Amino acid sequence: MKGYIHSTESFGTVDGPGIRYVVFLQGCPMRCLYCHNPDTWEFGKGEEREAADILADALRYRSFMKQGGITVTGGEPLAQIEFVTELFELAKEQGIHTCIDTSGITFHGGKETADRFERVFAVTDLVMLDIKHIRPDVHEQLTGHENGAVLSFARYLAEKNIPVWIRHVVVPGLTDREEDLTGLGRFLGGLPNIKALDILPYHTMGIAKYDGLGIPYPLKDIPAATTEEALRAKRLILAGMKETRRRQKESKTEQNTAF
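Bear in mind the structure is a predicted one, so any value in this text is a computation, not a measurement.

How each quantity is defined
- Residues numbered from 1 in each chain as written.
- Predicted model: local features only at pLDDT ≥ 70, side-chain atom pairs only at ≥ 80, totals over all residues.
- Heavy atoms only, no water.
- Axes fitted to C-alpha atoms, helices over the stretch in contact; angles between N-to-C directions.
- Helix = DSSP H or I, 4+ residues; strand = E, 2+ residues; numbered from the N terminus.
- Parallel < 35°, antiparallel > 145°, perpendicular 65-115°, else oblique.
- Left-handed = near helix turned anticlockwise from the far one by under 90°.
- Contact = heavy atoms within 4.5 Å.
- Buried < 20%, exposed > 50% of the residue type's maximum accessible area, 1.4 Å probe, protein only.
- Pairing = 2+ DSSP bridges.
- Core = buried A, V, L, I, M, F, W, Y, C linked by side-chain atoms within 4.5 Å.
- Right-handed = clockwise from strand over helix to strand, strands pointing away.
- Salt bridge = Lys/Arg side-chain N within 4 Å of Asp/Glu carboxyl O.

Peer 1: Describe the packing of helix α2 (residues 81–93) against helix α3 (residues 111–121), listing the residues and the values that go with them.
Peer 2: Where α2 contacts α3, the axes come no closer than 9 Å and their chain directions differ by 25 degrees. When the interaxial angle is binned, α2 and α3 end up roughly parallel. Here the hand of the crossing between α2 and α3 comes out left-handed. Two secondary-structure elements touch here, α2 through Ile81, Glu82, Val84, Thr85 and Glu89 and α3 through Arg116, Phe117, Arg119 and Val120.

Structure, rendered in structure tokens:
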């Protein structure tokens, strides 16, 4: 099985637990306004490499993977789900921890989709799920797609009890409204498999890439978010999560009392 590879990184420290070998896959259906990797958007580009070749390269750095493993990101890695599946099946034969960094946008109904996702998540140890926005209209404004598939994917991972790290980027004026952050937290509070919450401040480091590609940068007038803004967002999301979990606990107590 061959995949279209944008690039690899042998010493990733922000793409899951520990030190990781990171595979950036080529191709993404979304067009996030604040994407800092627009060079990964186009499908059918990049270097064609076999899954076994990628694993062999990763194994060269195994001694450095302290409590780490392999992470596939993008682009959108699940747009090449068959390649990711083969890579992870080979990795698990070597006892390597596997992680997918995804937006969840490729998750759709139907038996064929279910079978493909069942197979890849049988060999996936962790999912880093980037939820752009809780409101479908704003999500579409930000990415070109509504968020129904993303939220369905989050529920699917919860049903399968697959560990998840949630990521959310704070963009001033777009993803930082109190009611939206609290609403996101309320949704996340219903997912018992969440192991971490990473709130990332929006940055402008991708502008140079847009300039190099001749693409207009859509958020050129929006300043980078501050650490304080990211901490505020995290507090609001956590408050929403606690609210949902408190209500769930109260509901269970009422049900037990009824009997």
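From this point on, the discussion continues.
Peer 1: Describe unusual backbone geometry, and please don't skip the residues or the numbers.
Peer 2: One can expect most non-glycine residues to show negative phi and most peptide bonds to be in trans. Looking along the chain, the bond that leaves Gly74 and enters Gly75 is cis, with omega of 10 degrees. By the secondary structure assignment, Gly75 is in the loop between β4 (69–73) and α2. One non-glycine residue with positive phi stands out, namely Asn161, at about 55 degrees. Structurally, Asn161 can be placed in the loop between α5 (148–159) and β7 (164–170). Taking relative accessible area as the criterion, Asn161 reaches 55% and is therefore assigned exposed.

Peer 1: So, the sheet that holds strand β5 (residues 97–102): which residues are in play, and what are the values?
Peer 2: Note: strands within a sheet are paired through backbone hydrogen bonds, in either parallel or antiparallel orientation. Read from one edge to the other, the open sheet built from 8 strands follows the order β3-β1-β2-β4-β5-β6-β7-β8, with strand pairing classed as mixed. Both outer strands of the open sheet, β3 (47–50) and β8 (194–201), are each paired with one neighbouring strand and no more. Adjacent strand axes in the sheet meet at a mean angle of 30 degrees when their direction is disregarded. Pairing between strand β2 (residues 20–25) and β4: 5 bridges, direction parallel. Directly across from Tyr21, in β4, lies its bridge partner Ile70.

Peer 1: Kindly report on the nonpolar core, identifying the contributing residues and their values.
Peer 2: Formed by 71 residues in total, the largest nonpolar core has its most connected members in Val23, Ile70, Leu87, Phe121, Phe153, Leu188 and Tyr202. A total of 7 residues in this core trace back to one element, the largest contributor, which is α5. Discounting chain neighbours no more than four positions away, the residues touching Ile70 are Arg20, Tyr21, Val23, Leu55, Ala58, Phe88, Ala91, Ile96, His97, Thr98 and Cys99.

Peer 1: Before we move on, could you go through the pairing of β7 and cite the residues and values that matter?
Peer 2: Counting buried positions along β7 gives 6 out of 7 residues, so the element sits mostly inside the fold. Where strand β6 (residues 126–130) meets β7, 4 bridges bridge the pair, whose relative direction is parallel. Along β7, the bridge assignment pairs Val127 with Val164. With 7 bridges joining them, β7 and β8 adopt parallel strand pairing. For Val169, the partnering residue across the bridge sits in β8 and is Leu200. A crossover connection joins β7 to the parallel β8 through helix α6 (residues 178–189); in handedness this β-α-β unit is right-handed.

Peer 1: Could you give me a rundown of the pairing of strand β1 (residues 2–12), with the residues and numbers involved?
Peer 2: Taken together, the 4 bridges between β1 and β3 define a ladder with antiparallel strand orientation. Residue pairing for β3: Ile5 is matched across the bridge by Glu47. Bridge count between β1 and β2: 5 bridges; the pairing is antiparallel. Across the sheet, the residue bridging to Gly12 is Arg20, located in β2.

Peer 1: Outline the pattern of salt bridges, listing residues and values.
Peer 2: Side chains that carry opposite charge are capable of pairing whenever their charged atoms lie near each other. Applying the stated criterion across every chain yields a total of 16 salt bridges. A salt bridge links Glu118 to Lys160; its shortest N-O distance comes to 2.6 Å. Of this pair, Glu118 sits in helix α3 while Lys160 sits in the loop between α5 and β7, and the two are 42 residues apart along the sequence. A relative accessible area of 37% means that Glu118 is categorised as partly exposed. For Asp130, the salt bridge goes to Lys132, with nearest N and O atoms at 2.8 Å.

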